[in-house]
Amino acid sequence: MSAHFDVIVIGAGPGGYIAAIRAAQLGFKVACIDAWHNASGGPAPGGTCTNVGCIPSKALLQSSEHFDNARHHFAEHGIDIKGLSLDLSKMIERKDTVVRQNNDGILYLLKKNKVDFFHGRASFSGADDSGYQLLVRSAKAADAAQALTAQHVVIATGSSARALAGAPFDEDMILSNDGALRLGAVPKKMGLIGSGVIGLEVGSVWRRLGSDVTILEGLPSFLGAVDEQIAKEAHRSFVKQGLKIELGVSVGEIASGKAGVRIGYTTAKGEARTLEVDKLIVSIGRVPNTEGLNTQAVGLALDERGAIVVDGDCRTNLPRVWAVGDVVRGPMLAHKAEEEGVAVAERIAGQHGHVNFNTIPWVIYTNPEIAWVGQTEQELKAQGRAYRSGSFPFLANGRARALGDTTGMVKMLADAATDEILGVHIVGPMASELIAECVVAMEFRASSEDIARICHAHPSLGEATKEAALAVDKRALNF
Ligand code: FAD
Ligand code: NAI
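Residues numbered from 1 in each chain as written. Chains lettered and ligands numbered in written order. Predicted model: local features only at pLDDT ≥ 70, side-chain atom pairs only at ≥ 80, totals over all residues. Heavy atoms only, no water.

Enquirer: Help me out: how do you make sense of the overall build of the protein chain in this one?
Expert: Across its full length, the protein chain carries 13 helices and 22 strands. Expected size for 479 residues packed as a compact globule is a radius of gyration near 23 Å; at 24 Å, the protein chain falls within 12% of this value. When the backbone C-alpha atoms are referred to their principal axes, the protein chain occupies close to 70 × 60 × 45 Å. Looking at the protein chain residue by residue over its 479 residues, the buried ones come to 51%. For the protein chain, restricting intrachain contacts to residue pairs at least 6 apart in sequence, the fraction spanning at least 24 positions comes to 61%. By element, 52% of the accessible surface of the protein chain is carried by carbon and sulfur atoms, the whole surface being about 22,000 Å². (Helix = DSSP H or I, 4+ residues; strand = E, 2+ residues; numbered from the N terminus. Rg over C-alpha atoms; globule rule 2.2 N^0.38 Å. Buried < 20%, exposed > 50% of the residue type's maximum accessible area, 1.4 Å probe, protein only. Contact = heavy atoms within 4.5 Å. Areas by Shrake-Rupley, 256 points an atom, 1.4 Å probe, with all protein chains shown as cover.)

As structure tokens, then:
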């Protein structure tokens, strides 16, 4: 007899475990199935985000920033450190501890909310009047597959790194985000393909720890999705820090051996070049995880990328089968996956779950940080929308000067007629935290004048947001 649930969630990444918890809060009998395992074979819920994504990358970004500051910036504060050295294995160990704490935290939360957790890989085996049938296979081959049935299924199986044709990941010389976050030594020369979010964040980690980092990017423009002015400012900073970024290249043959990796490429000007590195990270986007789900057994529709086809409410082509997060359309972000997970659980309960795709913030955790919400100036121009723009540099912000970090600016775009905020773009210190106020403002359809008239603590970086809002009306007070 198979165990029956109201809701089965496949995947315990941010989309899946949050959907499971919300469904349980709403009174459903819920199971959550996840295949990720730790080094000793035990369950490691949290998905890409917790195990090889958001959390470990931010742990290493923090550690490497401390190291970089100690090496290059403490002296200007009057702090001299003699004999500074790096203990990489300790740094990686700390990162692993942070990951483990998050895995344990999620197991605790599932238990607390009475979600039944199954450790193994799920696949569809059929459907009938009683619901959908699933099989769960544990990593141990000897264990028989467990049969489960459910009224509703939420698929949250996430995504995996996309490999370059002819250069499969071996996680030793050619690394995905997984191998890139657990190297045993700092490579002298590190190559990255793709100057997107992972390229910049992970490239920054290894540069700060001492690698000579070169990033090869296929597109002629840098961070094309980012507001051009902000991207330009960020590019200037990264190059000044020593990141070598080559735009508009065409990557050719990649040869990997014990001694290193050789990458043949053609520059934007058409010159043939070779880059020789000790390790190569390939960060050229991600592909949805649908292999192994046996979608054919139930006729689940996939698009040409292998992503599950869903409508705006995360409904698939099958009744009572939903999909959220990286495995469907939209930005591949943990918080987007979470919001979809909550909304789906609420829709299952007959409520009106809602995700506002216009106010999903983006953050790139480099130094300077880059964060934005809403539309870029180039998008508004392309739409022919009349807008006003105000920006304020951190150079003129007291807190930024006290921190010793005055790179960048806050830039606000507002409708020319109604003054509604259409987008906010930040490059600079703590942009990841500053953007939250702007998301709230946009969610409440605030005008730039609303922000300009709100009292912000002094001295704080948030004053730069207020000043950018004032600048929309050409009345910044401190610049
Ligand atoms: P995932 O987190 O990928 O989880 C899916 C889970 O499903 C996995 O545990 C997988 O093992 C499991 N699974 C798959 N198939 C099956 C199956 N058949 N049976 C059982 N289980 C299965 N996003 C941010 O918002 N902020 C960041 O700072 C950030 N940093 C990142 C850094 C890196 C290096 C990377 C790679 C990604 C980062 N992301 C970040 C993106 C973020 O990790 C993803 O958007 C997010 O994890 C997607 O959540 P998800 O629940 O859809 O899928
Ligand atoms: P990405 O889409 O951010 O960047 C990929 C880059 O590779 C692009 O600039 C693209 O033009 C380039 N590219 C693609 N094919 C290429 C080729 N053949 N040769 C050279 N360049 C090529 O993807 P990335 O960095 O792999 O990250 C995947 C996703 O993970 C991100 O889009 C984001 O959704 C998520 N993520 C989010 C983070 C955050 O929120 N801070 C951090 C890291 C990842």
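Enquirer: When you look at the site of ligand 2 in this model, what are you seeing that I'm missing?
Expert: The local shell around ligand 2 holds 23 residues, among which Glu201, Glu217, Gly285, Met332 and Val363 are the closest. Between ligand 2 and valine 197 there is a distance of 3.1 Å, counted from an oxygen atom to a backbone nitrogen or oxygen. Glycine 218 places a polar main-chain atom, nitrogen or oxygen, 3.0 Å from a nitrogen atom of ligand 2. Considering ligand 2 on its own, with 840 Å² of exposed area, one finds that the protein chains cover 76% of that surface. Counting residues per element, the ones that place at least two in the shell around ligand 2 are α6 (197-208) and β18 (362-364). The element contributing the most residues to the shell around ligand 2 is α6, with 4 residues. (Near = heavy atom within 4 Å. Polar contact = N/O pair within 3.5 Å; in protein donor to acceptor, adjacent residues only side chain to side chain.)

Enquirer: So what exactly am I meant to see when it comes to the site of ligand 1 here?
Expert: By nearness alone, 37 residues border ligand 1, and Asp34, Thr48, Lys58, Ala122 and Asp326 come closest of all. Between ligand 1 and glycine 15, the relevant distance is 2.9 Å, taken from an oxygen atom to a main-chain nitrogen or oxygen of the residue. Relative to its unbound accessible surface of 1,000 Å², ligand 1 loses 94% to contact with the protein. The leading source of residues in the shell around ligand 1 is helix α2 (residues 47-52), at 4 residues.

Enquirer: How do you make sense of the pairing of strand β6 (residues 146-155) when you look at a structure like this?
Expert: Most of β6 is tucked away, with 7 of its 10 residues classed as buried. Direction of pairing for strand β1 (residues 3-10) relative to β6: parallel, over a ladder of 7 bridges. Bridging from a neighbouring strand, valine 7 pairs with histidine 152 of β6. Of the pairings in the sheet, the one linking strand β5 (residues 131-137) to β6 comprises 5 bridges and is antiparallel in character. (Pairing = 2+ DSSP bridges.)

Enquirer: Please explain the domain arrangement of the protein chain as it appears in this structure.
Expert: A common way to report how large an interface is uses the accessible area buried once the components associate. Looking at the protein chain, the domain boundaries give domain 1 (3-160 + 287-355), domain 2 (174-284) and domain 3 (359-472). For domain 1 and domain 2, the distance between their C-alpha centroids amounts to 28 Å. With 18 residues of domain 1 at the interface, the matching set in domain 2 holds 16 residues. Across the interface of domain 1 and domain 2, roughly 1,300 Å² is buried in total on both sides, 65% from carbon and sulfur atoms. Ranking the residues of domain 1 by area buried against domain 2 places Val52, Leu61 and Leu88 at the top, with a combined share of 36%. Along the contact surface separating domain 1 from domain 2 lie 2 salt bridges. Measuring nitrogen to oxygen at the nearest pair gives 2.7 Å for the salt bridge that ties lysine 58 to glutamate 201. The interface formed by domain 1 and domain 2 contains 6 residue pairs in polar contact (both at pLDDT 80 or more). Residue assignment for the side of domain 1 that touches domain 2 shows that the elements contributing at least two residues are α2, α3 (54-72) and α4 (88-112). (Domains from an automatic or database assignment. Buried area = accessible area lost by both parts, 1.4 Å probe. Salt bridge = Lys/Arg side-chain N within 4 Å of Asp/Glu carboxyl O.)

Enquirer: Looking at this model, I keep getting lost on the pattern of salt bridges. Mind explaining?
Expert: Should their charged atoms come close, side chains of opposite charge can pair. For the coordinates displayed, the defined rule picks out 24 salt bridges. Note that aspartate 227 and lysine 411 form a salt bridge whose closest N and O atoms lie 2.8 Å from each other. Of this pair, aspartate 227 sits in the loop between β10 (212-216) and α7 (228-241) while lysine 411 sits in strand β21 (residues 409-415), and the two are 184 residues apart along the sequence. Judged by relative accessible area, aspartate 227 falls into the buried class, the value being 0%. Between aspartate 415 and arginine 385 there is a salt bridge whose closest N-O contact spans 3.1 Å. You can see aspartate 415 sitting in strand β21 and its partner arginine 385 sitting in the loop between α9 (377-383) and β20 (387-393), a full 30 residues away along the chain. Overlapping salt bridges bring together Arg388, Asp419, Asp473 and Arg475 as one network.

Enquirer: Explanation requested: the nonpolar core in the structure shown.
Expert: Grouped burial of nonpolar side chains is what soluble globular proteins tend to show. Core analysis: the biggest nonpolar cluster contains 34 residues, and Leu200, Trp206, Phe222, Leu223, Phe238, Ile281 and Ile370 have the highest contact counts within it. Secondary structure elements with two or more residues in this core: α3, α4, β9 (189-193), α6, β10, α7 and β19 (369-374). Filtering out sequence-adjacent residues up to four positions away, leucine 200 remains in contact with Ser195, Ile215, Phe222, Leu223, Phe238, Leu243, Ile245 and Thr366. (Core = buried A, V, L, I, M, F, W, Y, C linked by side-chain atoms within 4.5 Å.)

Enquirer: Honestly, the environment of alanine 75 in this entry has me stumped. Any pointers?
Expert: Within the secondary structure, alanine 75 sits in the loop between α3 and α4. You can call alanine 75 exposed: its relative accessible area is 51%. Counting along the chain gives 365 residues from alanine 75 to valine 440, while the straight-line C-alpha distance between them is 38 Å.

Enquirer: Sorry if this is basic, but what is going on with α7 here?
Expert: Because each turn of an α-helix spans 3.6 residues, side chains separated by three or four positions in sequence point in the same direction. If you check α7, its first and last C-alpha atoms are 20 Å apart, about what 14 residues at 1.5 Å a residue would give, namely 20 Å. Regarding α7, the residues found buried are Ile230, Ala231, Glu233, Ala234, Ser237 and Phe238. Along the axis of α7, the buried residues cluster in a sector spanning 165 degrees; they form a single face. In α7, the exposed residues that point more than 90 degrees away from the buried face are Glu228, Lys232, Arg236 and Lys240. (Expected span 1.5 Å × (residues − 1). Arc of directions from axis to C-beta.)

Enquirer: Just to check I follow, could you spell out the packing of α3 against α4 for this structure?
Expert: The packing of two helices is summarised by the inter-axis angle and the distance between the axes. Contact geometry for α3 and α4: axes closest at 9 Å, N-to-C directions at 145 degrees. In this structure, α3 meets α4 at a crossing whose hand is right-handed. Touching Ile55, Pro56, Ala59, Leu60, Ser63 and Ser64 of α3 are Met91, Ile92, Arg94, Lys95, Val98, Val99 and Asn102, all from α4. (Axes fitted to C-alpha atoms, helices over the stretch in contact; angles between N-to-C directions. Left-handed = near helix turned anticlockwise from the far one by under 90°.)

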